[in-house]
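# Overview (structure and organization)
Spelled out from the first residue to the last, the chains are:
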Amino acid sequence: MPRAAAWTRATPPIGPGGPPTVEQVQTGATLSSVTQLDLRTLRIRSGEQFRDTRQVHVDPLTLAGQRYVAVPREPEADVVVTRTRSGFVLELSLDARLHGPCFRCLDDAALTLPLRGREYHSSDAPEADELRSQYVSDDRLDLSAWARDLLALALPDKILCRDECAGLCPVCGKSLNAEPHEHAEAGDDPRWEALAELRERL
Ligand SMILES: [Zn+2]
Ligand SMILES: [Zn+2]
């Protein structure tokens with residue numbers, strides 16, 4: 001089972017005028033291979049917050065030589081940007097559904113991973129300073145790179161079609177889910193195992 005990422009909702013900084021006002025700013029979302037948010041266009045002052053729902057492009061991942069694709073390719077994500085005196089608190093939240101082959105039987109497997117990220121970005125800090133978010137460059141927040149990293153961190157050790165997947169028969173290569181069976185004699189012969197391993201790689 002995927003581990004749930006630790007996630008605490010940001011407590012918006014309370015400005016001198018009381019609780020922050022929430023300002024909705026719509027900027028044209030462009031669907032390209034990289035989804036970015038231009039922080040300069042948000043027009044929020046210290047203590048104010050920007051919230052929006054964006055479709056974030058997530059690139060496919062390659063794991064153990066297999067390709068895993070987010071479906072949809074551009075899942076909806078909640079983006080919250082809170083302006084502080086010296087920078088931004090950035091939050092990204094989405095549920096990514098990942099499709100690809102089962103590690104054991106190579107059938108289709110799908111899993112939904114809740115992705116929750118929180119970053120601080122100081123706009124005053126010098127380049128490469130640790131107070132700068134690695135996902136912000138030229139005041140643009142790269143939502144795609146962030147989502148992809150969160151996805152990579154949230155992945156379980158094994159992607160399985162189901163927890164109890166029986167996998168492929170090491171002797172004949174057939175699915176043990178569809179056809180549970182044993183090979184009484186050949187199973188002990190190491191030459192058969194070598195052949196089965198070879199078959200798995202083909
Ligand atoms: Zn399986
Ligand atoms: Zn078999």
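Above: the structure in question.
Just so you know, these numbers come straight off a predicted model, no measurement behind them. (Residues numbered from 1 in each chain as written. Chains lettered and ligands numbered in written order. Predicted model: local features only at pLDDT ≥ 70, side-chain atom pairs only at ≥ 80, totals over all residues.)

### A short note on the overall build of the protein
For clarity, the cut-off: Under the DSSP-based scheme used, a helix requires at least four consecutive residues in state H or I and a strand at least two consecutive residues in state E, with every element numbered from the N terminus. Three exposure classes are used. Buried residues have 20 or more other C-beta atoms within 10 Å of their own C-beta, exposed residues have 12 or fewer, and partly exposed residues fall in between, all C-beta atoms being placed from the backbone. Note on contacts: each residue gets a C-beta atom placed from the backbone, and two residues are in contact if those atoms are within 7 Å.
Helix and strand content of the protein: two helices and ten strands. When each of the 202 residues of the protein is scored for burial, the buried share is 24%. Sequence separation of at least 24 residues holds for 64% of the intrachain contacts in the protein that already meet a minimum separation of 6.

### Section: the nonpolar core
In summary, soluble globular proteins display a tendency toward joint burial of nonpolar side chains. Rules: Only buried residues count toward a nonpolar core: Ala, Val, Leu, Ile, Met, Phe, Trp, Tyr and Cys, linked into one set through C-beta atoms within 7 Å.
Leu92, Ala96, Leu143 and Ala147 are the most contacted members of the largest nonpolar core, which has 33 residues in total. Looking at this core, the element that brings in the most residues is strand S7 (residues 87-101), giving six residues. With residues near it in sequence (within four places) discarded, Leu143 still touches Thr35, Gln36, Leu37, Arg54, Val56, Ala77, Val79 and Leu92.

### Re the environment of Leu143
Position of Leu143 relative to the elements: it lies in helix H1 (residues 143-154). On the neighbour-count criterion, Leu143 (24 C-beta atoms within 10 Å) is buried. Taking the C-alpha atoms as reference points, Leu143 and Gln55, 88 residues apart in sequence, are found 9.5 Å from one another.

### Here we look at the sheet that holds strand S10 (residues 140-142)
For clarity, the threshold we go by: The rule for pairing is simple: two strands pair if DSSP sees at least two bridges between them. Note on method: axes are straight lines fitted to C-alpha atoms, helices fitted across the in-contact stretch only, with angles between N-to-C directions ranging 0 to 180 degrees.
The three strands lie next to each other as S2-S10-S9, forming an open sheet whose pairing is antiparallel. With partners counted over all chains shown, the strands left at the sheet margins are strand S2 (36-38) and strand S9 (136-137), one partner each. On the sheet, H1 packs against S2 and S10 and is oriented at approximately 30 degrees with respect to S10.

### Section: unusual backbone geometry
In this model, Val71 is joined to Pro72 through a cis peptide bond whose omega is 0 degrees. By secondary structure assignment, the location of Pro72 is in the loop between strand S5 (66-70) and strand S6 (76-83). In the Ramachandran plot, Ala64 falls in the positive-phi region, its phi being about 50 degrees despite a non-glycine side chain. Looking at where Ala64 falls in the secondary structure, it is placed in the loop between strand S4 (61-63) and S5. The class of Ala64 is exposed, set by 10 C-beta atoms lying within 10 Å. Positive phi, normally seen in glycine, also occurs at Leu106, with a value near 70 degrees. Mapped onto the fold, Leu106 is located in the loop between S7 and strand S8 (108-122).

### Considering the environment of Ala109
Following the sequence through the fold, Ala109 ends up in strand S8. Along the primary structure Ala109 and His99 are separated by ten residues, whereas in three dimensions their C-alpha atoms are 5.8 Å apart. If we skip the residues at most four places from it in the chain, Ala109 touches Gly100, Pro101, Cys102, Ile159, Leu160 and Cys161.

### Some remarks on the environment of Val79
Here Val79 is to be found in strand S6. C-beta crowding within 10 Å serves as the criterion here: with 20 such atoms nearby, Val79 is assigned to the buried category. Between the C-alpha atoms of Val79 and Arg54, which are 25 residues apart in sequence, the distance is 7.0 Å. Beyond its immediate sequence surroundings of up to four residues, Val79 is in contact with Leu37, Asp52, Arg54, Leu92 and Leu143.

### A word on the pairing of S8
One face of the sheet, then the other: side chains in a regular strand alternate in exactly this way. With 15 bridges connecting them, S7 and S8 associate as antiparallel partners. Looking at S8, one finds that Gly87 is bridged to Ser122. Between S7 and S8, which follow one another and run antiparallel, lie six residues, and Leu106 among them has a positive phi close to 70 degrees.

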